[in-house]
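Per-entry structural report
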Amino acid sequence: MPIITTIQDLKDLHRRRTPRMFYDYAESGSWTEQTFRENTTDFEKIRLRQRVAVDMTGRSTASQMIGQDVSMPVALAPVGSTGMQHADGEILAAKAAEKFGVPFTLSTMSICSIEDVAENTTKPFWFQLYAMRDKTFIKNIIQRAKDAKCSALVVTLDLQILGQRHKDIKNGLSIPIRPTLPNLIDLATKWRWIAGMAKTKRHAFGNIVGHIDGISDLSSLSVWAAESFDPQLNWEEVKEIKKMWGGPLILKGILDAEDAKMALQVGADAIIVSNHGGRQLDGALSSIRALPAIMDAVGDKIEVHLDSGIRSGQDVLKALAMGAKGTYIGRAFVHGLGAMGEAGVTKALEVIHKELDVTMALCGETQVRDLGRHDLLIPEDFEGRWQA
Ligand SMILES: Cc1cc2nc3c(=O)[nH]c(=O)nc-3n(C[C@H](O)[C@H](O)[C@H](O)COP(=O)(O)O)c2cc1C
């Protein structure tokens, strides 16, 4: 059993145990990957204020996200094809999140279906919706999320059109894996993954196959998916989705203060400052750099969450201290899943929790809700001087 002390350890194991095309699918950004890289390097630019001789007993990371209790304000982000990183991946990640007391968000593009995850868990999870051209699909899937008792709808706004990730094209990313010689050679070393996949029936996009007229197999699915994201999505449509859903609504993919104000106007309960983990607009600001302007614009009127680039509890603390009420991890949990299934996701959460707790203590804080800018040393030019 390898000794795991960091998210990087899980990432190394993930790379060794998962077919290359799926590892690369997770560990890549769009085009030059500038935004993908800066999501993590910008966190490093912020330093922490060490305080001493402060009573650090009775610490707690417990908090709330959209009024729901969480053991720490770190949710699992929606990640498409999670069930390809490890057999039954969405169910395993949802179980780990449930036991840890943090929200799990199921992607529209998941392998395990909404119903499947609901049957295999005992507490409500969150559902992420991609706005599709097919309005019947939207209506039906929102109803399915309601029937499954999902406790929040996360609507992703930054993927009306797909950012290009070069590795996916070069690897010939496909479900199931195309039996080319390089893929077969790679698979020969991934026996754990193959054994897992051989035991499960869940190999296709469970929320879609069998739920849309004419989509019954993988080839009809790939045609549908390529044409389905709605390039005409607009704020009126977001309002309609809100009305259809009728429950807590989180808008994901906000990176600009003007869009944050729009999200407030349409009545969202929270926004996620996010650039999709650097997978969409290459050249956009990192999320942590975009956060201050958004906090200034709407921070006192709406709950602000953040994702993209979080790889440690120190990163979580920095985001919270800069005003975010909650955070999400994408790749950090996917690395855990690809490395060791449910135990790996639990490990990722444990690593981040421990780092958050100890960092909080060494900053002289005992309660996650008390974190603030006073805990940070932020370079004067951190936000940058940009001309629009
Ligand atoms: C492999 C992968 C697949 C993703 N799929 C989705 C998705 O289906 N829906 C969505 O809203 N975001 C998706 N995202 C974005 C994540 O929800 C999240 O914004 C991002 O992973 C955060 O960055 P991080 O990975 O650096 O933590 C995906 C991210 C990755 C890495």
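Being a predicted model, the structure only gives us computed values, none of them experimental.

Thresholds applied
- Residues numbered from 1 in each chain as written.
- Predicted model: local features only at pLDDT ≥ 70, side-chain atom pairs only at ≥ 80, totals over all residues.
- Axes fitted to C-alpha atoms, helices over the stretch in contact; angles between N-to-C directions.
- Helix = DSSP H or I, 4+ residues; strand = E, 2+ residues; numbered from the N terminus.
- Parallel < 35°, antiparallel > 145°, perpendicular 65-115°, else oblique.
- Left-handed = near helix turned anticlockwise from the far one by under 90°.
- Contact = placed C-beta atoms within 7 Å.
- Nonpolar A, V, L, I, M, F, W, Y, C, P; charged D, E, K, R; others polar.
- Expected span 1.5 Å × (residues − 1).
- Buried ≥ 20, exposed ≤ 12 C-beta atoms within 10 Å, placed from the backbone.
- Pairing = 2+ DSSP bridges.
- Right-handed = clockwise from strand over helix to strand, strands pointing away.

Quick look at the packing of helix α5 (residues 89–100) against helix α16 (residues 331–362) now. Geometrically, a packed helix pair is captured by the angle between its two axes and the distance between the axes. Relative orientation of the contacting elements α5 and α16 amounts to 15 degrees, with a least axis distance of 8 Å. In terms of orientation, α5 and α16 fall into the roughly parallel class. As α5 packs across α16, the resulting crossing turns out to be left-handed. Residues G89, L92, A93, K95, A96, K99 and F100 of α5 lie in contact with α16, whose contacting residues are F333, L337, G341, E342, V345, T346 and L349. Its residues assigned to classes, the contact of α5 with α16 shows eight nonpolar, three polar and three charged.

Moving on, we come to helix α14 (residues 287–298). In an α-helix there are 3.6 residues to a turn, and that puts residues three or four apart on one side. Compared with the 16 Å implied by 1.5 Å per residue over 12 residues, the 16 Å span of α14 between its first and last C-alpha is a close match. Turning to α14, its buried residues number three or more, namely S287, I288, R289, A290, L291, I294 and V298. Contacts from the buried residues of α14 go to α3 (34–45), β8 (249–254), α13 (257–265), β9 (270–273), β10 (303–306) and α15 (313–321).

For W31, which is not glycine, the phi dihedral falls at a positive 40 degrees. Positionally, W31 belongs in the loop between α2 (20–26) and α3. On the basis of neighbour count, W31 is assigned to the partly exposed category, with 15 C-beta atoms found within 10 Å. Despite not being glycine, I66 has its phi angle at roughly 40 degrees, a positive value.

Locating A93 in the fold gives a position in helix α5. Through-space distance from the C-alpha of A93 to that of V345 is 6.1 Å; in sequence the pair is 252 residues apart. When neighbours within four sequence positions are excluded, A93 is seen to be in contact with L76, T82, F104, F333, L337 and V345.

The buried fraction of β8 amounts to six of the six residues, a majority that puts the element mostly inside the structure. Of the strand pairs in this sheet, strand β7 (residues 152–156) and β8 are connected by four bridges, and their pairing is parallel. Bridged to V154 within β8 is I250. In the sheet, β8 pairs with β9 via four bridges, with the strands oriented parallel. Residue I250 lies in a different strand from β9, and its bridge partner there is A270. Handedness of the β-α-β unit built from β8, α13 and β9 comes out right-handed.

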